[in-house]
Amino acid sequence: MLVLGRKPGEYVLIDNNIMVKVIKSDEGHLRLAIEAPKHISIVRGELLEENNIALGMAKKVEASTT
């Protein structure tokens, strides 16, 4: 996992076709804009968790950090 610090207006480019830009940053709150091709699915983490899709991934991550 790559952890970066970005200020509003700054962005990260992934694989030359996905841009994640910081729009606003307030105390503990972050607003992001994500620009990606239509065939790339973008889903908020809490929605994955609600549907138990992320359950298997979370267990793998937990096991790899212990």
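Before going into details, it helps to say that this report is about the structure given with it. (Residues numbered from 1 in each chain as written. Predicted model: local features only at pLDDT ≥ 70, side-chain atom pairs only at ≥ 80, totals over all residues. Heavy atoms only, no water.)

1. Brief notes about a nonpolar patch on the surface
The condition that has to hold: Within this analysis, patches are made of residues with over 30% relative accessible area and no salt bridge. Like charges are joined at 9 Å or less; nonpolar side chains (Val, Leu, Ile, Met, Phe, Trp, Tyr) at 5 Å or less. Under the convention used here, a 1.4 Å probe and the Shrake-Rupley method define accessible areas, while residue burial counts only the protein chains that appear. When a carboxyl oxygen of Asp or Glu lies within 4 Å of a side-chain nitrogen of Lys or Arg, that pair is called a salt bridge. Here a strand is any run of E in DSSP of at least two residues, a helix any run of H or I of at least four, and the numbering for each starts at the N terminus. Buried means the residue's accessible area, taken with a 1.4 Å probe over protein chains only, is under 20% of the maximum for its type, while exposed means over 50%, and partly exposed covers the values in between.
A contiguous nonpolar surface patch, about 440 Å² in accessible area, is contributed by L30, L32, I34, I40 and I42. Examined against the element boundaries, I40 turns out to sit in the loop between strand 3 (29–35) and helix 1 (45–50). With a relative accessible area of 30%, I40 lands in the partly exposed category.

2. Some details on the environment of G9
Cut-off, in case you're wondering: Contacts are assigned to residue pairs that have any heavy atoms within 4.5 Å of one another.
Residue placement: G9 occurs in the segment before strand 1 (11–14). Taking the C-alpha atoms as reference points, G9 and K24, 15 residues apart in sequence, are found 8.0 Å from one another. For G9, the contacting residues outside a window of four places in its chain are K21 and V22.

3. What about the pattern of salt bridges?
The full count for this structure, using the stated rule, is three salt bridges. Across the salt bridge formed by E10 and R6, the nearest N and O atoms sit 3.8 Å from each other. Exposure remark for E10: the relative accessible area of 28% places this residue in the partly exposed category. Residue K24 pairs with D26 through a salt bridge whose shortest N-O separation is 3.6 Å. Owing to a relative accessible area of 42%, D26 belongs among the partly exposed residues under this scheme.

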